[in-house]
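Examination of the molecular architecture
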Amino acid sequence: MSLSWKWFIEYQTRGSAHMHGIRRTLHSESTEFQRIDVVESEEYGRMLVLDGKVQSTLRDEHIYHESLVHPAMVSHPRPRDVLILGGGEGGTLREVLRHPVVERAVMVDIDRRVVEVSREFMPELSGGAFEDPRVELVFEDGRSYVQGRRGEFDIVIADLTDPLEGGPGALLYTRDFYGMVSSALKEGGMMVTQATSTYYSDYCFATIYRTASSVFGVSGGYHVWVPSYDSTWGFVFGSKEPDPSRLVGRFEETARRIGLEGLRYLDERTYQALFALPKELVSKLQGWSLVATDEKPAFMPV
Ligand code: SAM
């Protein structure tokens, strides 16, 4: 077999990696925050890569974005004001705007270039979301945006780069930060965050889970298989009232009632599967006591 592409290797740990055949590089630059690459991969189509980590691919981004957004949005009775932290490529914003009840969607990304590059090379990801009149786009550190806000949002969605040491997202996974998010939420509000791999960095997922539970009265975690990440990917929610796990068995009926349309991945069965964490992970979560703080954040190793 002759292969006419180069290989991009993404490390999950020092001893494990996912190889992607790359036909060509469409764009590369280093900003003050991170390195940005957009490449055309053989298997997944165009991919956005930040600091050597695949963020979104055209083939499977909907699995990640639907799973991040809709459990929180569907379980909240009236999510009118939504804040997205990060989310540069616009897929999270696109999913939030599917909800007719949304009146205001603020997206705060630290790096203007991720948004601009994604709009130019992968416009399918935002699907016109940035032109929606309900959207406010802000370029600022998500943490400084949230700090000092009181009772402003129904839902906060953290779609940030992984907590890598020295990376721009590292201090947005701590107890101190979740305290600020809790203050920025209205009564009955909730936050959800991407929470790394539940397999390769289960200790990181467990720490984010425990950290959220140290701040919020209702909290939990779920995950989904994302092929381009080569792993099950975790999400953690922290809430003042709604609990997405209680929507199991009623997801489709509720989605229909609130006018949520156009989903490609989530239905009754896949929604239920999100919450089916394996037994060994559940017992790890139950026994986990580490909470990430500003003084002692939790990092992914690579
Ligand atoms: N789906 C992705 C994943 O987990 O692989 C994450 C999506 S998105 C591309 C991550 C975004 O978070 C980037 O656009 C990055 O610029 C942004 N980001 C990182 N740190 C941030 C911060 N402190 N404040 C706001 N945005 C931040």
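Look above for the structure.
Notes on the structure follow. (Residues numbered from 1 in each chain as written. Predicted model: local features only at pLDDT ≥ 70, side-chain atom pairs only at ≥ 80, totals over all residues. Heavy atoms only, no water.)

1. Digging into the pattern of salt bridges
Across all of its chains, the model carries 20 salt bridges by this definition. One salt bridge in this structure joins R113 and E29, with 2.7 Å as the shortest N-O distance. Note that R113 is positioned in helix 3 (residues 112-121) and E29 in strand 2 (residues 16-30), a separation of 84 residues in sequence. Between R35 and D37 there is a salt bridge, with the nearest N and O atoms lying 2.9 Å from each other. For R35, a relative accessible area of 39% corresponds to the partly exposed category. The class of D37 is buried, set by a relative accessible area of 10%. Among the ionic contacts, a cluster of salt bridges with common partners joins E61, R94, E95 and R98. (Salt bridge = Lys/Arg side-chain N within 4 Å of Asp/Glu carboxyl O. Helix = DSSP H or I, 4+ residues; strand = E, 2+ residues; numbered from the N terminus. Buried < 20%, exposed > 50% of the residue type's maximum accessible area, 1.4 Å probe, protein only.)

2. Quick notes on unusual backbone geometry
Most peptide bonds are trans, and most residues other than glycine sit at a negative phi. Even without being a glycine, D51 presents a positive backbone phi close to 50°. Here D51 falls in the partly exposed class, since its relative accessible area comes to 40%. The phi torsion at T196 lies on the positive side, around 70°, for a residue other than glycine. Within the secondary structure, T196 sits in strand 10 (residues 185-197).

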